[in-house]
Amino acid sequence: MAKHGADEPSSRSGSPDREGRASEDRSLLHQRLAVRELIDTEVSYLHMLQLCASDIRSRLQQLPQGDLDVLFSNIDDIIKVNSRFLHDLQETASKEEEQVQLVGNIFLEFQEELEQVYKVYCASYDQALLLVDTYRKEPELQRHIQGIVEAVVPQAGSSGLSFLLVIPLQRITRYPLLLQKILENTVPDASAYPVLQRAVSALQDVNTNINEYKMRKEVASKYTKVEQLTLRERLARINTHTLSKKTTRLSQLLKQEAGLIPRTEDKEFDDLEERFQWVSLCVTELKNNVAAYLDNLQAFLYFRPHEYNLDIPEGPAVQYCNLARDLHLEAFLKFQRLEGLVWQPLCSLAKALLGPQNLIKKRLDKLLDFERVEEKLLEVGSVTYQEEAARHTYQALNSLLVAELPQFNQLVMQWLGQIMCTFVTLQRDLAKQVLQRAEGSMAQLPHHHVPEPAFRKLVEDALGRTSNQLRSFQETFEKVQPPPTTQPLLPGSERQVQALLSRYGPGKLYQVTSNISGTGTLDLTLPRGQIVAILQNKDTKGNSGRWLVDTGGHRGYVPAGKLQLYHVVPSAEELRRQAGLNKDPRCLTPEPSPALVPSIPTMNQVIAAYPFVARSSHEVSLQAGQPVTILEAQDKKGNPEWSLVEVNGQRGYVPSGFLARARSPVLWGWSLPS
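Summarised in this report is the structure supplied together with it. (Residues numbered from 1 in each chain as written. Predicted model: local features only at pLDDT ≥ 70, side-chain atom pairs only at ≥ 80, totals over all residues. Heavy atoms only, no water.)

**With respect to the packing of helix 3 (residues 75–91) against helix 4 (residues 99–109)**
Axis angle and axis distance: for two packed helices, these are the angle between their axes and the distance between the axes, and together they describe the pair.
Phase 1: Interaxial distance between helix 3 and helix 4 falls to 9 Å at its minimum, and their mutual angle equals 165°. Classed by the angle they form, the pair helix 3 and helix 4 counts as roughly antiparallel. At the point where helix 3 passes helix 4, the crossing takes the right-handed sense. Each of F85, D88 and L89 in helix 3 lies in contact with helix 4, whose residues at this interface are V103, I106 and F107. (Axes fitted to C-alpha atoms, helices over the stretch in contact; angles between N-to-C directions. Helix = DSSP H or I, 4+ residues; strand = E, 2+ residues; numbered from the N terminus. Parallel < 35°, antiparallel > 145°, perpendicular 65-115°, else oblique. Left-handed = near helix turned anticlockwise from the far one by under 90°. Contact = heavy atoms within 4.5 Å.)

In structure tokens:
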């Protein structure tokens, strides 16, 4: 009994130790099972991704490439990252004592890469689901897709593509849970415990950042859409809510401009926006310059002298035509790749700028809402649900722009640099080909053997002689007064013209060359051909481009550029009357008896005051000072502005205003006074 009593305390004291060791063994076992679960599920997950990327995507080639890009997003990048991640996890199996700590370090090492690839996939997940919904509305297409998915992944069942697309989202959210399970089965005093704690916190941050990024992308996608709306569609969108919102923003902006409330300063964003606007300006200017370059190139290629017969058997002209043929058929034909290699990428780049530009504009609107809500929050201490949503919208937009504008600016600059390098390369190749083809033609020119200094002197002398000839021609041309381009008078305006002529004289009369539409209270509206008298060659402000005129009934201002001096020419009736009545008082020879004059139609002898070039077979040309016989003082329609005349035996119509009065010749010659 004593012996039994003595052994009993020792058994009681040893029981807690055995229980502690048993508990540690169970924790270690659960820990190893959790690690094994992590690695085994990672193997299965990676295998499923590879099936999606290889088998399923390759069998869905009947879908547009854009749909495939949305459905599978950056799954290839995820496979690359998770393949290296799995390899490192499997490497820890050979080090059982340090395995848990190594697993934690691997998660910390891959934290940034996992966040980068998974946030891109998660951001496009909703758009992929929308595509899947559209496929379900087409039964034949849906059956085809469902058959492919079930053949590759039988466990997908009726979910089809949706089952596969959600797998990466499930995996990235499960990493913190797997790590937490390992952490729970690790003793707190173990060296791996703090590493696992940091790994759990890091993966939780990864999921939080992915959610925030997804929310920012959703906000951005809402405001980056550039809609081309008509005025009617814009007006249809106006309601009391939008009017109230825009009025509040305008009030906030006016208060800031007046200095009544402070403006939110964001130096980081302001610098990014300034650089973005500078990049956008560079793209716009380059696009305009390339467009002008292409237009000039098209105009240059329009002229093809080699396609015309110049009737020149030989010489430099023929050599030039041969060179032009070679350049058009080979050199410039290859150079037209400029449109596909430079112009189209440049247009795509300019189009890519529209989204960020619209996003920056929306950020300013949301900033005004944010500032107003912040003021209310300071004054009242609480805000409504809509106001809180407005705060979050601005913060999401601002965070997205600050995070992605630097990368966007850098990509645009790289894109722009590649376009410029392509343009320079094409231009250099064109110059090289032109020089190679021109060398043979230049060797056949008559002055190809002349040294360059002598050739320059030869060209300068030839240009000097040509310049002198042009100058002489210009001086001669300026001495010849061009004929007036008098417009036809308006019907029934002869009496008004006579009234203006008698009141102001011929030097003040001007004619309207084109229709004038008055825009001001003192401006006149006049038709083409109206005769006016100038009162003052400037307006009350001293502007010489507006003249004060009198139409015979109204006074007002008209543009000076639409007026020209009116040359008063006697009417055809007056010419006919004066030609029959006017005689030289010095003529002493009596007028011949009518009985001696042959019976001929009534005709008037006048002279051409200005030269006139016939434009059709119904007209006849005139030389200044040439005698002209008027057959009819009007055309067939009764228009007195044209007269039927006879000149050197030819009959045709000429403008009546180009004819001047002449003394009627005596049939028997002229007599001198005694």
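**Points about the side chain of K119**
Phase 1: Positionally, K119 belongs in helix 5 (residues 111–123).
Phase 2: Despite its burial, K119 pairs with no opposite charge; the closest candidate is E115, at 5.0 Å N-O.
Phase 3: Not counting residues up to four positions away in its chain, the partners in contact with K119 are I210 and Y213. (Buried < 20%, exposed > 50% of the residue type's maximum accessible area, 1.4 Å probe, protein only. Lys, Arg positive; Asp, Glu negative; His and termini not counted. Salt bridge = Lys/Arg side-chain N within 4 Å of Asp/Glu carboxyl O.)

**Observations concerning the packing of aromatic side chains**
Phase 1: Summed over all chains, the structure comprises ten aromatic pairs.
Phase 2: Their ring planes at 75° and their centres at 5.4 Å tell us that F85 and F110 sit as a pair that is edge-to-face. Placement of the pair is F85 in helix 3 and F110 in the loop between helix 4 and helix 5, with a sequence separation of 25 residues.
Phase 3: An angle of 75° between the planes, with centres 5.8 Å apart, marks the rings of F612 and F658 as edge-to-face. Taken together, the positions of F612 in the loop between strand 6 (604–608) and strand 7 (627–632) and F658 in the loop between strand 9 (650–655) and strand 10 (659–661) put the pair 46 residues apart, joining distant regions of the chain. Pair check on accessibility: F612 and F658 agree, each one buried.
Phase 4: Counting every residue linked through ring pairs, the aromatic cluster contains F85, F107, F110 and Y175.
Phase 5: Against the face of F72 rests R57, its NZ or CZ located 5.8 Å from the ring centre. (Phe/Tyr/Trp six-rings, centres within 6.5 Å; stacked < 30°, edge-to-face > 60°. Lys NZ or Arg CZ within 6 Å of the ring centre and 35° of its normal.)

**A short note on helix 5**
Phase 1: Here helix 5 is 13 residues long and its end C-alpha atoms lie 18 Å apart, about the 18 Å a rise of 1.5 Å per residue gives.
Phase 2: Considered for burial, the residues of helix 5 that qualify are L114, E115, V117, Y118, K119, Y121 and C122. (Expected span 1.5 Å × (residues − 1).)

**Topic: the pattern of salt bridges**
Phase 1: Taken as a whole, this structure holds 19 salt bridges when the rule is applied.
Phase 2: The partner of K267 in a salt bridge is D271, with the nearest N and O atoms 2.8 Å apart. Residue K267 and its partner D271 are both found in helix 13 (residues 267–302); the two are separated by four residues, about one turn of the helix.
Phase 3: Across the pair R546 and D539 runs a salt bridge, and its minimum N-O distance is 3.0 Å.
Phase 4: Salt bridges linked by common partners bring E37, R174 and K181 together as one network.

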